[in-house]
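Results of the structural survey
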Amino acid sequence: MPPLKLLTTGLQHVAAMYAGVVAPPLVVGVAVGLTPTELTFLMGASLFTAGIATLLQTLGIWRIGARLPFVNGVTFAGVAPMLAIVGSEAKEDALPVIFGAVMVAGAVGFLLAPYFSKLVRFFPPVVTGTVITLIGISLLPVSFDWAQGGDPEAADFGSARNLAMAAATLAIVLVLRRFTRGFVKQIAVLIGLVAGTLLAIPLGLTDFAALGAADVVGFPTPFHFGAPQFSLAAILSLCIVMIVSMTESTADMLALGEIVDRPADERTIAAGLRADTLGSFVSPFFNGFTCSAFAQNIGLVAMTRIRSRFVVAAGGGILVLMGLCPVAAALIATVPLPVLGGAGVVLFGSVAASGIQTLVKGGLEKDNNVVIVAVSLAVGIIPITAEGFYHAFPESARIVLDSGISTGCIAAIVLNLLFNHFGGRRDEETVAHPMEPGADPTGAAAVPSARAAEGDGPAATEASRAGG
């Protein structure tokens, strides 16, 4: 793309994922007791390492990198175990222990990547559609939290002012998407973020104080907080996080492959997981944490239909520059969370919509597949709608159980194996809507073949088109 379009569309990806990148180091840094200057340094380091990991994914080196418009950054899955490490270690040793554990987990994940990628055969449309839908559903509460202000302890959390700001941003994005064309329509989210930030200034929601305190140039000094330390308990904990992250990244790559019409095969997934894990291994050298896929950017690709990996690579370059230029990072940080929340409704909702589109191709006329989707969605939604549901389980188990994407993905895979692969003959009955003309109210009408029923043949393709 021309340089200006490349820059603006890349910046749009950065704006969409910025809050997610800086939130984990902010939470961990506060728990460790870092000064404001050290917190700024830690967040800048996370931006820098997210940029490196994104460049690895998009541009690729050898067999490393999915070469898809795939954004990487600090994963939220590691926050809980890292806080547990902070609680069990002396404050001055907490970050070195975390960095050492992340390095080992990254190395282990890199070695496991080619074997982990073989799981792709267990991700037919009924599974991938369920997981993609769950990704969108899981992200929507994040946008709702941002729309309220982001801090439940704040006096103005959920205030009419915050919600009005989020609604105004959402309205701007929708108007631009409806009444503009071409490039302006493609960067509607970025324009909405800028316009929302400007509207927030007279309301007192935009804070420019960080700009005055930030340095123009800065480099994330290697091992700024001390040489890495290696604790077996911490390593085991973050190795579990790495497995969770690899599961989510696999689902995200499959989702992105569907959106850009380049299905992610075993080789692509292996290369993508190598980039994830190598990025995680390198990250602690520059004071960063575990790197993983950012699902919110998949929503941006789905909405804008800009499929070029070089756009996301430009975003990765911007992230690196932001890590080297704290004042630039501070400028992006001026976007109020309610503004991000308004834009997030569109972004994250687009992911869920993409999942529904995939499910249409997944053979939902087959009643077994309906059961798979129904139960998997229910399991995946538990951590979202019933927070603390797994409170009685060990902390190590909750790393997986509290991730709706991971639990829903595992449930979909297991149920697909149980109903469509292992033991007995496959159920070839279809489920017709009782109000549909000519429908069989018993749901016992046969279909031409099991292959068509699973959405893998011409009959299923025509049926999905007709249903669309």
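Computed from a predicted structure; not experimentally measured.

Turning next to the overall build of the chain. Check the secondary structure of the chain and you find 20 helices and two strands. Residue burial in the chain is summarised as follows: out of 468 residues, 53% are buried. Restricting the contact set of the chain to residue pairs at least 6 apart, pairs at least 24 apart contribute 81%. Accessible surface computed for the chain: about 19800 Å², of which carbon and sulfur atoms make up 67%.

Core analysis: the largest hydrophobic core is formed by 86 residues, its most contacted members being Val-28, Leu-95, Ile-98, Val-189, Leu-193, Leu-238 and Phe-289. Sorting elements by how many residues they give to this core places helix α10 (residues 232-259) first, with 13 residues. Beyond its immediate chain neighbours, meaning those up to four positions away, Phe-289 contacts Pro-25, Val-28, Leu-42, Ser-46, Val-74, Met-82, Leu-95, Ile-98, Phe-99, Val-102 and Ser-283.

As a further point, take the side chain of Thr-169. With respect to the helices and strands, Thr-169 occurs in helix α6 (residues 160-179). Accessibility expressed as a relative area gives 0% for Thr-169, which makes it buried. Ignoring any residue separated from it by four or fewer positions in sequence, one finds Thr-169 in contact with Gly-192, Gly-196, Val-339, Gly-342 and Ala-343.

Take the confidence of the model for the chain next. Of the residues in the chain, 85% reach a pLDDT of 70 or more, and the chain-wide mean stands at 79. For the chain, helix α19 (residues 450-453) is the element with the lowest average pLDDT, namely 35, and α6 is the one with the highest, namely 92. Predicted confidence for residues 432-468 stays below pLDDT 50, and this span has 34 contacts to residues more than four positions away or in other chains.

One can describe the packing of helix α4 (residues 91-116) onto helix α11 (residues 266-282) by two numbers: an axis separation of 7 Å at closest approach and a directional angle of 170 degrees. Comparing their axes, α11 and α4 come out roughly antiparallel. Residues Val-102, Met-103, Gly-106, Ala-107, Gly-109, Phe-110, Ala-113, Pro-114 and Phe-116 of α4 form the contact with α11, whose own contacting residues are Ala-270, Leu-273, Arg-274, Thr-277, Leu-278, Ser-280 and Phe-281. When grouped by side-chain class, the residues that make up the contact of α4 with α11 number 11 nonpolar, four polar and one charged.

Turning to unusual backbone geometry, a few remarks are in order. One non-glycine residue, Asp-261, lies in positive phi territory at about 60 degrees. Here Asp-261 shows up in the loop between α10 and α11. Relative accessible area serves as the criterion here: at 55%, Asp-261 is assigned to the exposed category. In the Ramachandran plot, Asn-287 falls in the positive-phi region, its phi being about 70 degrees despite a non-glycine side chain.

Glancing now at the packing of helix α5 (residues 125-148) against α10. Look at α5 against α10: their axes get within 9 Å of each other, and the N-to-C directions meet at 100 degrees. The angle between α5 and α10 falls in the class roughly perpendicular. Between α5 and α10, the contacting residues are Thr-128, Val-131, Ile-132 and Ile-135 on the first element and Ala-251, Asp-252, Leu-254 and Ala-255 on the second. Across the contact of α5 with α10, the residue classes tally to six nonpolar, one polar and one charged.

Turning our attention to the packing of aromatic side chains. In this structure the tally under the stated criterion is seven aromatic pairs. Look at Phe-48 and Phe-286: their rings are 5.3 Å apart centre to centre, the planes differ by 65 degrees, and that puts the pair in the edge-to-face class. One end of the pair, Phe-48, is in helix α2 (residues 36-59); the other, Phe-286, is in the loop between α11 and β2 (291-293), and 238 residues separate them in sequence. What links up through ring pairs into an aromatic cluster is the set Phe-223, Phe-281 and Phe-285. The ring of Phe-179 is capped by Arg-178, whose NZ or CZ atom sits 5.0 Å from the centre of that ring.

It is worth spelling out the side chain of Lys-366 at this point. Positionally, Lys-366 belongs in the loop between α15 (337-360) and α16 (367-385). Lys-366 gets classed as buried once you look at its relative accessible area, which sits at 1%.

Before going further, it helps to spend a moment on a nonpolar patch on the surface. The grouping of Val-108, Leu-112, Tyr-115 and Ile-243 at the surface amounts to a nonpolar patch, some 360 Å² of accessible area in total. For the nonpolar patch, the leading source of residues is α4, giving three residues. Locating Tyr-115 in the fold gives a position in helix α4. The class of Tyr-115 is exposed, set by a relative accessible area of 60%.

So, on to helix α13 (residues 309-324). In a regular helix each residue adds 1.5 Å, so 16 residues correspond to 22 Å; α13 covers 23 Å between its end C-alpha atoms and thus fits that length. Every buried residue of α13 is accounted for by Val-311, Val-312, Ala-313, Ala-314, Gly-315, Gly-316, Ile-318, Leu-319, Val-320, Met-322 and Gly-323. For α13, the side-chain oxygen to backbone nitrogen distance between the N-cap and Phe-310 is 3.1 Å, and the N-cap itself is Ser-308.

The rules behind each value
- Residues numbered from 1 in each chain as written.
- Predicted model: local features only at pLDDT ≥ 70, side-chain atom pairs only at ≥ 80, totals over all residues.
- Heavy atoms only, no water.
- Helix = DSSP H or I, 4+ residues; strand = E, 2+ residues; numbered from the N terminus.
- Buried < 20%, exposed > 50% of the residue type's maximum accessible area, 1.4 Å probe, protein only.
- Contact = heavy atoms within 4.5 Å.
- Areas by Shrake-Rupley, 256 points an atom, 1.4 Å probe, with all protein chains shown as cover.
- Core = buried A, V, L, I, M, F, W, Y, C linked by side-chain atoms within 4.5 Å.
- pLDDT = per-residue confidence, 0-100.
- Axes fitted to C-alpha atoms, helices over the stretch in contact; angles between N-to-C directions.
- Parallel < 35°, antiparallel > 145°, perpendicular 65-115°, else oblique.
- Nonpolar A, V, L, I, M, F, W, Y, C, P; charged D, E, K, R; others polar.
- Phe/Tyr/Trp six-rings, centres within 6.5 Å; stacked < 30°, edge-to-face > 60°.
- Lys NZ or Arg CZ within 6 Å of the ring centre and 35° of its normal.
- Patch = residues over 30% accessible without salt bridge, like charges linked within 9 Å, V, L, I, M, F, W, Y side chains within 5 Å.
- Salt bridge = Lys/Arg side-chain N within 4 Å of Asp/Glu carboxyl O.
- Expected span 1.5 Å × (residues − 1).
- Polar contact = N/O pair within 3.5 Å; in protein donor to acceptor, adjacent residues only side chain to side chain.

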